[in-house]
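# Structural description and commentary
These are the residues of each chain, in order.
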Amino acid sequence: MYHLLPEPQQLKLEDGSAFQINDGVWLSLMMEQEEPRLERHCRRAFPGAKLASSTEGSGYSLLLHSAAGTSAGERLQKGASGGGSGENGVAGAGPVGVPEAELSLLEGRKESYLLEVSEHRVRIRATDAAGLYYGLQTLLQLRNPQGEIAAVTIMDWPDTRLRAMNYDLRQTFSKPELLVRYLADFSNYKINAVLIEYEDKFPFRKYPELTHPQHALNPEQLEALHDAAKEHFIEIIPLQQSFGHLEYVLRHDRWRHLRETESSTGEICPSRPESYQLITDLLEEMMEAHPDSPYIHLGCDEVYSLCECAQCREAFGGIRERAFIAFLNRLIEFTSSRGRTPVFWHDMLDKCPPEELAKLDPRSVAMIWIYNGRNIEAEVSGLADKFRALGIEVMGAPAVRSFDSAEHQNYPVLDNRTDNLRQWAEAAGRLHLDCVVATNWTGPFSLGVPYGIFETTWYPMLLHAELAWNRKADTETFIDRFLERFHGIPAGKAHELQGRYRLEDYYNLIWKLVDEVRLNKDSAGLIAVMHDFEDATDRSRAIHKYVYRWEMYPGDEAEWQSLLNSYRHNRRGREAVRPRMTAALEQYQSPDMAAHFVSSRFFLHDYLERTLYHVMGLHLDHPATS
């Protein structure tokens, strides 16, 4: 009945009829401090409704009453004054302050709320503005298409302080206006942070050659992103790579001499003074562009060629971790002196000798990323203990999309991702992690090919949103709640059409249900196109068997005909998908970026057309293929 995302901490069904919105509602909003965002969100949620707001009392509350039977003006008058008896015998209908006895249930729980729905009124109470906003999001999910809200009491709070998604702009990514829009979508599911790796999509001023000439965000787009984040109670954590993954910098002739070795296209040498100057210049610009962020992520993962140049070997005795920590400490000092808390990926210190690790500046945060395996909690616990013993805070990072031994993954490898997210939720609970980020990589690194499209990752992203808010949520029901909440497929309809399925079956399921989708149909359609592409290309891989047979029996008419039949069927299947894939992608990406993705998927097949099939005499207008 209640297909809510995330699943609330406590929900109690109440007796009585549903609250009716069809006849109109009036709203009373009380705030201990003026918060224009709350007023705007209330007006968006109930357009045309009368709204009275005041700044008095303690806490935050929103009261909804049906407008039926009494003029809106009269109800607003009573609501604003806070006195007397409300309509239908409801005492104290107006916002007279949130009772301390009831608010004490939420004490110490930021962003928490109490939501009560009865036949005659709806009331949301919270101790802070964000809590009231999240209560409003739950209320909107409770409202059914008929304008009814069933009688219920919900007490809800987040288990994780910072619940973050990830924008990785290194490869293909969504149009800037969609990046802005998705922040509102994240907040609907109670996400309150986003980690953004801009790479060359950032408008660098001091080193403009590092800014992508076509796809970089301009200052106005960056400002729109920040405005949307603030409007929806989301914190942006910028990520500026500072050690490895600097291919977009070190590929330029101007900076090539700063590579650790000639072949290390992405790792900078920490021994060269110019390296520190360059990186701190980039960090300075990133921090200036994100004045409200208390954090700056330094990256610093996968520095594969660390301590290989002669200068580093001499300076650090050939000890990789010593070289790493020495440079990292300089960056920690630089960012800390500017009032930011620096974050770094943990992996280069995974097996660091204790005597070297003890030198790490504790004014930093280690973000532990472990994406696979069955022993996440044990691994994270050991690492967290090491860092915490040195006074270093720890954050966590599962993945909603990562390598997974699948270079061309058109949607996430869900068996790995759901398991990873669930294990991390358990680990985060036991270790009391304050921040968990769902990393969502667009490719292995700058010079690779794209994994897949952001819009195919909503399913694992919202599973993360659920588990970051409520670590004990029922993941066995998540797929049904997601299908109803995100796609508008009524509860039970998917089972009626497809029988039994599991949490991990979404990508095998949604393309079969695309005709039933009522919400986010374009996202479901994109997945269906990717499925059709994979189906066509999987069959194409078998053509080598027919080519091999032709090599074994050259001139045999039956072998040739069999080869032609396979070629014709597979080629036409693939080519039928190409324009559909292009059209689907252009909903989300610029035409040239969409073309890049399509080319990356069809490249091998197109290459074989030119270098093998045409040479052999295979083509669609061959008499035997007509």
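Residues numbered from 1 in each chain as written. Predicted model: local features only at pLDDT ≥ 70, side-chain atom pairs only at ≥ 80, totals over all residues. Heavy atoms only, no water.

Our next topic: the overall build of the protein. Along its length, the protein carries 21 helices and 19 strands. A compact globule built from 626 residues would reach a C-alpha radius of gyration of about 25 Å, and the protein, at 28 Å, matches this within 12%. If one aligns the C-alpha atoms of the protein with their principal axes, the spans along those axes are about 95 × 70 × 45 Å. Within the span of the protein, comprising 626 residues, buried residues form 57% of the whole. Here the analysis covers contacts within the protein between residues at least 6 apart in sequence; of these, 74% occur between residues at least 24 apart. (Helix = DSSP H or I, 4+ residues; strand = E, 2+ residues; numbered from the N terminus. Rg over C-alpha atoms; globule rule 2.2 N^0.38 Å. Buried < 20%, exposed > 50% of the residue type's maximum accessible area, 1.4 Å probe, protein only. Contact = heavy atoms within 4.5 Å.)

Residue L5 is joined to P6 through a cis peptide bond whose omega torsion reads -5°. In this fold, P6 is placed in the segment before strand 1 (10–13). Of note, C300 is a non-glycine position whose phi angle comes to about 75°, a positive value. Relative to the elements of secondary structure, C300 occurs in the loop between strand 13 (295–297) and helix 9 (310–316). With a phi close to 55°, S405 is a non-glycine residue in the positive phi region. Summarising the element assignment, S405 is placed in the loop between strand 17 (399–401) and helix 13 (414–431).

This paragraph deals with a nonpolar patch on the surface. A surface patch of nonpolar side chains, about 320 Å² in accessible area, is lined by Y548, M552 and Y553. Checked against the element boundaries, Y548 lands in helix 19 (residues 543–552). We classify Y548 as exposed; its relative accessible area is 53%. (Patch = residues over 30% accessible without salt bridge, like charges linked within 9 Å, V, L, I, M, F, W, Y side chains within 5 Å. Areas by Shrake-Rupley, 256 points an atom, 1.4 Å probe, with all protein chains shown as cover. Salt bridge = Lys/Arg side-chain N within 4 Å of Asp/Glu carboxyl O.)

This part takes up the pairing of strand 14 (residues 341–345). Put simply, side chains in a regular strand alternate between the two faces of the sheet. In terms of burial, strand 14 is largely enclosed, as 4 of its 5 residues are buried. By the bridge criterion, 3 bridges tie strand 13 to strand 14 in an arrangement that is parallel. In the strand pairing of strand 14, I296 is matched with P342. In terms of strand pairing, strand 14 meets strand 15 (residues 365–369) through 3 bridges, oriented parallel. The residue bridging W345 from the neighbouring strand is M367, located in strand 15. (Pairing = 2+ DSSP bridges.)

For the rest of this paragraph, the subject is the pattern of salt bridges. This structure, assessed with the given rule, holds 36 salt bridges. R125 serves as the salt-bridge partner of E116, at 2.5 Å between the closest nitrogen and oxygen. A salt bridge links R422 to E476, with the nearest nitrogen and oxygen atoms 3.2 Å apart. Within this pair, whereas R422 is found in helix 13, its partner E476 is found in the loop between helix 14 (458–469) and helix 15 (478–487), the two being separated by 54 residues in sequence.

Now for the packing of helix 5 (residues 176–188) against helix 6 (residues 219–231). Where helix 5 contacts helix 6, the axes come no closer than 8 Å and their chain directions differ by 10°. With respect to each other, helix 5 and helix 6 are oriented roughly parallel. Contacts from P176, L179, V180 and L183 in helix 5 reach Q221, A224, L225, A228 and A229 in helix 6. (Axes fitted to C-alpha atoms, helices over the stretch in contact; angles between N-to-C directions. Parallel < 35°, antiparallel > 145°, perpendicular 65-115°, else oblique.)

Further remarks concern helix 4 (residues 129–142). Taking 1.5 Å as the rise per residue, helix 4 with 14 residues should run 20 Å; its terminal C-alpha atoms sit 20 Å apart, in good agreement. In terms of burial, helix 4 is a largely internal element, 13 of the 14 residues being buried. (Expected span 1.5 Å × (residues − 1).)

This part takes up the sheet that holds strand 6 (residues 113–117). Spatially, 1-9-6-7-5-3-4 is the arrangement adopted by the 7 strands of the open sheet, whose pairing is mixed. Two strands bound the open sheet, and with one partner strand each, they are strand 1 and strand 4 (50–54). On average, adjacent strands in this sheet sit at an angle of 10° to one another, irrespective of strand direction. As judged from the 4 bridges shared by strand 6 and strand 7 (residues 121–126), these two strands associate in the antiparallel manner. Directly across from L114, in strand 7, lies its bridge partner R125.

The next thing to look at is the environment of Y248. Secondary-structure assignment places Y248 in helix 7 (residues 247–250). Taking the C-alpha atoms as reference, Y248 lies 36 Å from F486; in sequence the two are 238 residues apart. Setting aside residues no more than four positions away along its own chain, Y248 makes contact with E199, D200, F204, L210, Q240 and L282.

Attention shifts here to the packing of aromatic side chains. This model, assessed by the stated rule, comprises 31 aromatic pairs. Taking 5.0 Å as the distance between ring centres and 50° as the angle between the ring planes, the aromatic pair formed by W369 and Y371 counts as tilted. With relative accessibility at 10%, the residue Y371 sits in the buried group. Between F454 and W458, the ring centres sit 6.1 Å apart and the planes meet at 80°, which makes this aromatic pair edge-to-face. Across this residue pair, the class does not change: F454 and W458 are buried. An aromatic cluster is built from Y167, Y182, F186, Y411, F454, W458, Y459, F478, F482, F486, Y506 and Y507, whose rings are joined through pairwise contacts. In this arrangement the basic side chain of R37 is found over the ring face of F233, its NZ or CZ atom lying 3.9 Å from the centre. Geometry around F602 places R578 over its ring, the cationic atom sitting 4.2 Å from the centre. (Phe/Tyr/Trp six-rings, centres within 6.5 Å; stacked < 30°, edge-to-face > 60°. Lys NZ or Arg CZ within 6 Å of the ring centre and 35° of its normal.)

Counting buried residues along strand 16 (residues 393–397), 4 of its 5 residues qualify, which places the element largely inside the surrounding structure. Taken together, strand 15, helix 12 (residues 376–388) and strand 16 constitute a β-α-β crossover, and its handedness is right-handed. (Right-handed = clockwise from strand over helix to strand, strands pointing away.)

Mapping A389 onto the fold places it in the loop between helix 12 and strand 16. Under the relative-accessibility criterion, A389 is labelled exposed at 66%. In this structure, the C-alpha to C-alpha distance between A389 and A358, residues 31 residues apart in sequence, is 9.4 Å.

Averaged over all residues, the pLDDT of the protein is 92; the fraction at 70 or higher stands at 93%. Across residues 69–73, confidence stays below pLDDT 50; counting only partners more than four residues off in sequence or on other chains, it has 3 contacts. Here residues 75–98 is a poorly scored stretch, pLDDT under 50, and it has 56 contacts once near neighbours within four places are set aside; other chains count. (pLDDT = per-residue confidence, 0-100.)

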